[in-house]
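Here is how the chains run, residue by residue.
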Amino acid sequence: MAASDEFETELDASREQVERPLWRLFRAYTPDHAPWLAVGLLTSVLAYGTVLVTPIVLGTTIDAVFTRESAYALPLVPDAWLPSEQETQFWFSTAVVAAALLGGAVLQWVRGVAINYFAHGVMYAIRVDAYEKMQRLDMTFFDNKETGEVMSILNNDTSNLETFFDNALGDSVRIGVIVVGVTTALLYTNRQLALVTLGAVPLLVGFTWWFARVIEPRYTRHRETVGDLNTRIENSLGGIELVKTTSTEAYETDRVRRVSRDVFDANMDVLKLSYFYRPGMELVTGAALLATFVLGGLWVFSGPPLFFSGELTTGEFVVFMLLTQRLTGPMAQLSNIVAWYENALASAKRICGLMDVPVRIEDAPNPVALEDVDGRIEYDDVTFAYESGETVLDGVDIEAAPGETVAIVGPTGAGKSTVAKLLPRLYDVSEPRGPDGPSRERSESDGVTGGAVRVDGHDVRDVRLADLRSTIGYVSQDTYLFDGTVAENIRYGQFDADREDVVAAAEAAEAHGFVQTLSEGYDTRVGERGVKLSGGQRQRIAIARTVLQDPDILLLDEATSAVDTETEYLIQRSLDRLAADRTTLVIAHRLSTVKNADTIVVLDDGEVVERGTHEDLLAADGLYANLWGVQAGEIESLPEEFLARAAESAAER
Ligand code: ADP
């Protein structure tokens, strides 16, 4: 999505309301994966604890075995367990260090597995939940073309969180354990010299804090440029046919080059600062190491320097040097953690934003179950507008008795398809429901939506949504096929239908003939969106799908796309067969197909202007008669007033 669209969509609005998103997701999803997290954290602490063993044991051993400055003693190990003879002490220390290294390796492995299971398990659950939620959103959400945005939430943002849970969690523990461990060990060994070494820590933390603040906007900018690049590429690829036929490859390459350049610049801005950070951190720790070396060295040589007092043994000195070095690496990773955190926070916000978009079309609190449907349809004084648009339907009344066929005709943009979409509740005539149930009242101020659509006398908003939609067979203008085989596409929605049913449905839909000529018959793959089939073939597969569904009510939004006469005849014949014994609402874009309808409703600019049978309407000599005349080639053009209005509404759009 382009940056200029910000805050214009529902998703943006919802995102703005989100509070403490990372914490919220963590709290919601951790309980199911808590054992992995617990094991992961515990082994992290232990694994990084073992890192401290080597320097401490080596230091102690030097003092006891080599310089003999103090007795052999190991922290946390009872003296009684320790050997008294010096060579044995040497080997004992070696064994302890070896055990620590080995134990550390095993713990690291367990830690990795546990944290991975936790992080990936949480993200798996979040991804599925977000997808499930997204599917329940109504068409208005998708009309705003937020699918690209949703894709990036389901892919990129969940990956960002994964990285955070995977790496940042483990690394924070590591840094925590090491800093606390090293600090304790240094203070325990020599409090005064420890203060010199640890003087670096506040400096390092402050430096990192500053760095995180400076780099944050650069990261944000980088993320934005990457988003723009994705959108650009998606757009170009989507129109690849147009690009080729207009020979605009160079133009497109140039556009991609420009956004790529932005990505490059933004990336370099981030990297330049990062290059500066790591050496900076190393300088500070290096200075601490050097100060410790100089002061500690003098101390061992010739007694306490400056204002220091007491004794420092060679072994203690070695412990200091080794431990201080252990501090550098983890501290330098602080900035990674900050970056991961910032990323994860932004992503969590986007995920929560999606999860919080209100679901407006869903089951009423106690929905009516539809059983033994007769198929009576009523549109009762229906007034409708799309979100923030002007009135598209105005006081429309339509009735279809069980088994009847009602055709809706009218000029393009009259609102015919909108009538169709209200029946299966792709849109609702009411405003969103309040907590007390449907808000059915038409208030003075809105006036844009109102009335009711009923099936068998039940308001569609009161009926169980799944019942409603399985009662209605919808053959829409743009037939969609999934990437899969012909049989899978026909069976879509009726997954337990067997091959015979599928073939019978295809026969009824006049599809069997061409399916047999395909290389693998019903097992031929149709390609993405069915690209390997012609428009007429796709339509017939969609009809076969509806034949198999065997709905009580049929909703036909007739295709406008041109097919050859023979195919049109086949399609029409199969549709007539399909419509024969069920209530049918046909949105007709070509009048020839609806001559035989029981009632023809003529819509113009959202209002019903005429209704009756074909003969009635011809006799009335109104809009229908005019449209009929134009299509039949009897008159050349529609009356001026219709053309003027069509041009006007086209200009508005
Ligand atoms: P018809 O099927 O008669 O050609 P439609 O019902 O498709 O007419 O459209 C009626 C009006 O509603 C048109 O002005 C169209 O631009 C508008 N419209 C249709 N679909 C949408 C939508 N999803 N969002 C906003 N406006 C829409």
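Structure shown above.
Residues numbered from 1 in each chain as written. Predicted model: local features only at pLDDT ≥ 70, side-chain atom pairs only at ≥ 80, totals over all residues. Heavy atoms only, no water.

Some details on the overall build of the chain
Within the chain, the regular secondary structure consists of 23 helices and 10 strands. Over its C-alpha atoms the chain spans a radius of gyration of 37 Å, topping by over 25% the 26 Å that the globule rule assigns to 653 residues. Long-range pairs, those at least 24 residues apart, make up 75% of the contacts in the chain between residues at least 6 apart in sequence. A distance of 7 Å separates the average location of the 55 positive side-chain charges in the chain from that of its 98 negative side-chain charges. (Helix = DSSP H or I, 4+ residues; strand = E, 2+ residues; numbered from the N terminus. Rg over C-alpha atoms; globule rule 2.2 N^0.38 Å. Contact = heavy atoms within 4.5 Å. Lys, Arg positive; Asp, Glu negative; His and termini not counted. Charge placed at Lys NZ, Arg CZ, Asp CG, Glu CD.)

Quick look at a negative patch on the surface
A contiguous patch of negative charge on the surface is contributed by Glu371, Asp372, Asp374 and Asp552. By the element assignment, Asp552 lies in the loop between α19 (535-549) and β7 (553-557). Owing to a relative accessible area of 32%, Asp552 belongs among the partly exposed residues under this scheme. (Patch = residues over 30% accessible without salt bridge, like charges linked within 9 Å, V, L, I, M, F, W, Y side chains within 5 Å. Areas by Shrake-Rupley, 256 points an atom, 1.4 Å probe, with all protein chains shown as cover. Salt bridge = Lys/Arg side-chain N within 4 Å of Asp/Glu carboxyl O. Buried < 20%, exposed > 50% of the residue type's maximum accessible area, 1.4 Å probe, protein only.)

So, helix α4 (residues 53-66)
Its 14 residues give α4 an end-to-end C-alpha distance of 19 Å, which sits within 8% of 20 Å, the value for a rise of 1.5 Å per residue. Arg68 lies just past α4 and shows a positive phi near 55°. (Expected span 1.5 Å × (residues − 1).)

Some remarks on the sheet that holds strand β8 (residues 583-587)
Hydrogen bonding along the main chain pairs the strands of a sheet, whether they run parallel or antiparallel. Strand order in the open sheet formed by six strands is β6-β7-β8-β3-β9-β10, with mixed pairing between adjacent strands. Of all strands in the sheet, those bounded by a partner on one side alone are β6 (472-475) and β10 (607-612). Pairs of neighbouring strands in the sheet enclose a mean axial angle of 15°, with direction left out of account. In this sheet, β7 lies alongside β6 in parallel orientation, the contact comprising four bridges. Paired with Gly473 across the bridge in β7 is Leu554. Where α19 meets the sheet, its contacts fall on β6 and β7, and the angle it forms with β6 comes to roughly 175°. (Pairing = 2+ DSSP bridges. Axes fitted to C-alpha atoms, helices over the stretch in contact; angles between N-to-C directions.)

With respect to the site of the ligand
Neighbouring residues of the ligand: 13 residues in total, closest Asp143, Gly413, Lys416, Ser417 and Thr418. Between Gly413 and the ligand, the recorded distance is 2.8 Å, taken from a backbone N or O atom to an oxygen atom. Here a nitrogen atom of the ligand sits 3.4 Å away from a polar atom, N or O, in the side chain of Tyr427. Look at the ligand: alone it shows 560 Å² of surface, and the protein chains cover 70% of it. A per-element tally of the shell around the ligand places helix α14 (residues 416-422) first, with three residues. Split into classes, the residues belonging to the shell around the ligand amount to five nonpolar, five polar and three charged. (Near = heavy atom within 4 Å. Polar contact = N/O pair within 3.5 Å; in protein donor to acceptor, adjacent residues only side chain to side chain. Nonpolar A, V, L, I, M, F, W, Y, C, P; charged D, E, K, R; others polar.)

Brief notes about the sheet that holds strand β2 (residues 391-400)
Reading across from one edge, β2-β1-β4-β5 is the order of the four strands in this open sheet, with antiparallel pairing throughout. The sheet is open, and its two borders are formed by β2 and β5 (458-459), each paired with just one other strand. Of the pairings in the sheet, the one linking strand β4 (residues 450-455) to β5 comprises two bridges and is antiparallel in character. Each bridged residue has a counterpart across the sheet, and for Val455 the counterpart in β5 is His458.

Quick notes on the side chain of Asn190
Within the element layout of this structure, Asn190 appears in the loop between α7 (147-189) and α8 (191-198). Excluding residues that lie within four positions of it along the chain, Asn190 makes contacts with Trp299, Glu311, Leu312 and Phe320.

Quick word on the packing of α4 against helix α5 (residues 86-136)
For the pair α4 and α5, the least separation of the axes is 10 Å and the interaxial angle reads 175°. One way to sum up the angle between α4 and α5 is to call them roughly antiparallel. Contact residues: α4 offers Val53, Thr54, Val57, Leu58, Thr61, Ala64, Val65 and Phe66, while α5 offers Gln86, Gln89, Phe90, Ser93, Val96, Val97, Ala100 and Leu101. (Parallel < 35°, antiparallel > 145°, perpendicular 65-115°, else oblique.)

Quick look at the pattern of salt bridges
Under the defined criterion, the tally for this structure stands at 21 salt bridges. For Asp428, the salt bridge goes to Arg425, with nearest N and O atoms at 2.7 Å. Of the charged contacts in the structure, one is a salt bridge between Asp459 and Arg461, with a shortest N-O distance of 2.8 Å. Residues Asp459 and Arg461 agree in their burial class; the two are buried. Linked by salt bridges that have partners in common, Asp254, Arg257 and Arg258 make up one network.

Some words on the environment of Ala505
Here Ala505 lies in helix α17 (residues 499-508). Given the relative accessible area of 2%, Ala505 is considered buried. Between the C-alpha atoms of Ala505 and Leu548, which are 43 residues apart in sequence, the distance is 5.6 Å. When neighbours within four sequence positions are excluded, Ala505 is seen to be in contact with Ile490, Ala544, Val547 and Leu548.

Some thoughts on the side chain of Ser14
Take Ser14: it is sitting in helix α1 (residues 10-16). Take Ser14: its relative accessible area is 8%, and that puts it in the buried class. Residues within four places of Ser14 in sequence aside, it is in contact with Gly353, Asp356 and Val357.

So, the pairing of β10
Pairing geometry for strand β9 (residues 599-604) and β10, over five bridges, is antiparallel. In the strand pairing of β10, Val602 is matched with Glu610. Hairpin connection, β9 to β10: the antiparallel pair is bridged by two residues, and Asp605 has positive phi, about 50°.

A closer look at the environment of Val196
The residue Val196 is located in helix α8 in this model. Along the primary structure Val196 and Ala288 are separated by 92 residues, whereas in three dimensions their C-alpha atoms are 7.1 Å apart. Excluding residues within four positions of it along the chain, Val196 makes contact with Ala291, Thr292, Leu295 and Phe308.

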